[in-house]
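Tertiary structure, described
Below, each chain spelled out in residue letters.
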Amino acid sequence: MTTPRKLHIKSYGCQMNVYDAQRMVDTLAGEGFVETASADDADLVILNTCHIREKASEKVYSELGRLRVAKEEAARHGREMKIAVAGCVAQAEGEEIVHRAPTVDIVVGPQSYHHLPELLKRAKANGRALETEFPVEDKFGFLPQPKPAAIRARGISAFVTVQEGCDKFCTFCVVPYTRGAEVSRPVADIIDDVMQLTENGVRELTLIGQNVNAYHGDGPDGRPWSLGKLLQRLAEIPDVKRLRYSTSHPRDVDDDLIAAHRDLAELMPFVHLPVQSGSDRILAAMNRKHTADDYRRVIDRFRAVRQDIAFSSDFIVGFPGETAEEFSATLALVTQIGYAAAYSFKYSPRPGTPAAEMRETVSATEMDERLGRLQDLIDSQQSAFNRAAIGTTVDVLFERAARNPGQIVGRTAYLQPAHVMASPDIIGKILPVRIDSLERYSLKGELATRSAPSPISSPVSQTIGA
Ligand code: 5AD
Ligand code: SF4
């Protein structure tokens, strides 16, 4: 028997990268690789990179500096370490990486992960290997591989990619260039994956895609299915206890999706719906294809069918030419909607995007000031949302033992971590928890029923808010 080779993957950025990393582990398991927690003793290190903002991109080169030292150290001990750069920086700057970082052996774009074993062989034969083309027709070629039998259980909650790429071309965003055109997986393939995952103990699925509600995969009836219809079908699978999806575009919220929120108890009432700005002029300059009022109406449609629904969002401050009044419109929108959580970013020009050519930049101090004000507002909404849970009884899906001995941690419908003292046999179950305190972002409480024979679904007694 040969000794297994060690693989270390470091992922940056979005949930799609987390998912892709698992796929790479599965693909390379077939080549005798096992995962290791440390880069230093790995035979292959993969940096799974993010190109969305400048800061995210820069991390690659500083990490490569550290890895060069680890690689030299390994070589001194007669051990060969291969270094691969994957993800969106690989896609966008593949050639540059090859020139700038001689320590890198393999550069692989997100559409080519199924070729990793071959790229490793190529790198061994030629010294280095680069693959960043868009093989459009087999974009999802890597997904059915390894065959479903090889999908490994990974806890209680798992991601499943249902679509990839984006055709929206927001002027600030690199995704349409790094992840390519929007493509949806067939319904049957997704069902196969979900069946396999639930057989392995998974109870919560988050369907992911860069523009997930643009989903239009081929259905078993030969017609394209919407995301709402797909969710309805997946909810019929017996062990699917919770469903989520991310990330959505306001323009692609259709009646099927609203109906799914109305009809499916499994579909969690927590929706990530980025708006980016509250100003119509900025939204137009961003090519978002919706106004602030369009967004408010979409929120109202969700709220009309699920009173307990909550929202999170993404915001960009300091988009080129954003005035103080236009920024105030963003604050006004946040105040009006009331978010359970939100992410906010300073605008970062990305090479190759239309916004990077726009000249009217906002000063760094102005950006910092706006970001601070927006984050303060969001933080106060998030704290109020979390505090509102105290004294209520909420459903928690238990996921794992917590760091403190005897504690088990799970998540509420709104993804808030919730801790209870209980036996580990509650892992995988949804149980009502009486919340009695809040520590930073984490809820603490007691099981409301100690000996529930099976997962119970009790109504959430809380009301709040690509
Ligand atoms: N600058 C700042 N933030 C950006 N995002 C995407 N591109 C940029 C950029 N160039 C943010 C958006 C998006 C989230 C994933 O990242 O808010 O929704
Ligand atoms: Fe980027 Fe989202 Fe706009 Fe697509 S919809 S271009 S992923 S910000």
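It should be emphasised that the depicted structure is a prediction, and the values quoted were computed from it without experimental measurement.

**Some remarks on the overall build of the protein**
Of regular secondary structure, the protein possesses 12 helices and 19 strands. The C-alpha radius of gyration of the protein comes to 23 Å, within 12% of the 23 Å expected for a compact globule of 466 residues. Along the first, second and third principal axes, the C-alpha atoms of the protein reach 60 × 60 × 50 Å. Each of the 466 residues in the protein was classed as buried or not, and the buried ones make up 55%. Looking at the protein as shown, the accessible area adds up to about 20200 Å², and 52% of this sits on carbon and sulfur atoms. Seen as two clouds, the 56 positive and the 62 negative side-chain charges of the protein have centres 3 Å apart.

**Side note on the side chain of glutamate 326**
Secondary-structure assignment places glutamate 326 in helix H11 (residues 324-337). A distance of 2.9 Å separates a polar atom in the side chain of glutamate 326 from the backbone nitrogen of threonine 323. Setting aside residues no more than four positions away along its own chain, glutamate 326 makes contact with Ser279, Arg281, Ile282 and Gly321.

**Examining the domain arrangement of the protein**
Per the domain assignment, the segments making up the protein are domain 1 (5-133), domain 2 (150-155 + 173-268), domain 3 (271-385) and domain 4 (388-466). With 10 residues of domain 2 in contact, the opposing surface of domain 4 contributes 12 residues. Both sides together, the interface formed by domain 2 and domain 4 hides about 800 Å², and carbon and sulfur atoms give 60% of it. Taken as a group, Lys241, Arg242 and Arg244 account for 55% of the area that domain 2 buries against domain 4, more than any other trio of residues on that side. Where domain 2 touches domain 4, the interface holds 0 salt bridges. Joining domain 2 to domain 4, the criterion identifies 5 residue pairs in polar contact (both at pLDDT 80 or more).

**Considerations on helix H10 (residues 292-305)**
Taking 1.5 Å of rise per residue, the 14 residues of H10 would be expected to cover 20 Å, and the 21 Å separating its terminal C-alpha atoms lies within 8% of that figure. Of the surrounding elements, those touching the buried residues of H10 are strand E11 (242-246), helix H8 (255-263), strand E12 (270-272), helix H9 (280-285), strand E13 (310-317) and H11. The distance from a side-chain oxygen at the start of H10 to the backbone nitrogen of aspartate 293 is 3.4 Å, and the residue carrying that oxygen is threonine 291.

**Side note on the site of ligand 1**
The environment of ligand 1 is formed by Ile52, Arg53, Phe172, Gln276, Asp314, Ile316, Phe345, Lys346, Tyr347, Ser348 and Arg350. Between an oxygen atom of ligand 1 and a side-chain N or O atom of aspartate 314, the distance comes to 2.7 Å. Note that a nitrogen atom of ligand 1 is positioned 2.7 Å from one of the backbone N or O atoms of serine 348. Taken together, the elements giving at least two residues each to the shell around ligand 1 come down to E13 and strand E14 (341-346). Classifying every residue of the shell around ligand 1 gives 5 nonpolar, 2 polar and 4 charged.

**Let's talk about the nonpolar core**
Counting residues in hydrophobic clusters, the biggest one holds 50 residues, and the most contacted among them are Tyr245 and Phe302. Formed jointly, this core draws a minimum of three residues from each of two domains, domain 2 (150-155 + 173-268) and domain 3 (271-385). With sequence-adjacent residues up to four places away left out, tyrosine 245 is seen in contact with Thr206, Leu207, Val212, Leu227, Leu231, Leu257, His261, Leu267, Val271 and Phe302. Of all hydrophobic cores here, the second largest spans 22 residues; its members include Ala42, Val45, Cys50 and Ile83.

**A short note on the packing of helix H7 (residues 227-235) against H8**
H8 packs onto H7 with a crossing angle of 30 degrees between their chain directions and a minimal axis gap of 7 Å. Taken as axis vectors, H7 and H8 run roughly parallel relative to one another. Across the interface between the two elements, Leu227, Gly228, Lys229, Leu231 and Gln232 of H7 pack against Asp256, Leu257, Ala260 and Asp263 of H8. Residue composition of the contact of H7 with H8, by class: 4 nonpolar, 2 polar and 3 charged.

**Some thoughts on unusual backbone geometry**
A cis amide bond links serine 246 with the next residue in sequence, threonine 247, at an omega value of 5 degrees. Position of threonine 247 among the secondary structure elements: in the loop between E11 and H8. At asparagine 287, a position not held by glycine, the phi torsion is positive, near 60 degrees. Within the fold, asparagine 287 resides in the loop between H9 and H10. The backbone of lysine 289 shows a phi angle near 65 degrees, a positive value even though the residue is not glycine. Mapped onto the fold, lysine 289 is located in the loop between H9 and H10.

**Looking at H8**
Along H8, the residues classified as buried are Leu257, Ile258, Ala259, Ala260 and His261. As for H8, its buried residues are in contact with H7, E11, E12 and H10.

**Some thoughts on the sheet that holds strand E7 (residues 157-161)**
Judged by pairing direction, the sheet is parallel, and its 3 strands sit side by side in the order E7-E10-E11 without closing on themselves. Of all the strands in the sheet, just E7 and E11 have a single pairing partner and so form its edges. If you compare each strand with its neighbour and ignore which way they point, the axes differ by 25 degrees on average. Along the sheet, helix H6 (residues 187-199) makes contact with E7 and strand E10 (204-208), crossing E7 at roughly 165 degrees.

Rules used in this analysis
Residues numbered from 1 in each chain as written. Chains lettered and ligands numbered in written order. Predicted model: local features only at pLDDT ≥ 70, side-chain atom pairs only at ≥ 80, totals over all residues. Heavy atoms only, no water. Helix = DSSP H or I, 4+ residues; strand = E, 2+ residues; numbered from the N terminus. Rg over C-alpha atoms; globule rule 2.2 N^0.38 Å. Buried < 20%, exposed > 50% of the residue type's maximum accessible area, 1.4 Å probe, protein only. Areas by Shrake-Rupley, 256 points an atom, 1.4 Å probe, with all protein chains shown as cover. Lys, Arg positive; Asp, Glu negative; His and termini not counted. Charge placed at Lys NZ, Arg CZ, Asp CG, Glu CD. Polar contact = N/O pair within 3.5 Å; in protein donor to acceptor, adjacent residues only side chain to side chain. Contact = heavy atoms within 4.5 Å. Domains from an automatic or database assignment. Buried area = accessible area lost by both parts, 1.4 Å probe. Salt bridge = Lys/Arg side-chain N within 4 Å of Asp/Glu carboxyl O. Expected span 1.5 Å × (residues − 1). Near = heavy atom within 4 Å. Nonpolar A, V, L, I, M, F, W, Y, C, P; charged D, E, K, R; others polar. Core = buried A, V, L, I, M, F, W, Y, C linked by side-chain atoms within 4.5 Å. Axes fitted to C-alpha atoms, helices over the stretch in contact; angles between N-to-C directions. Parallel < 35°, antiparallel > 145°, perpendicular 65-115°, else oblique. Pairing = 2+ DSSP bridges.

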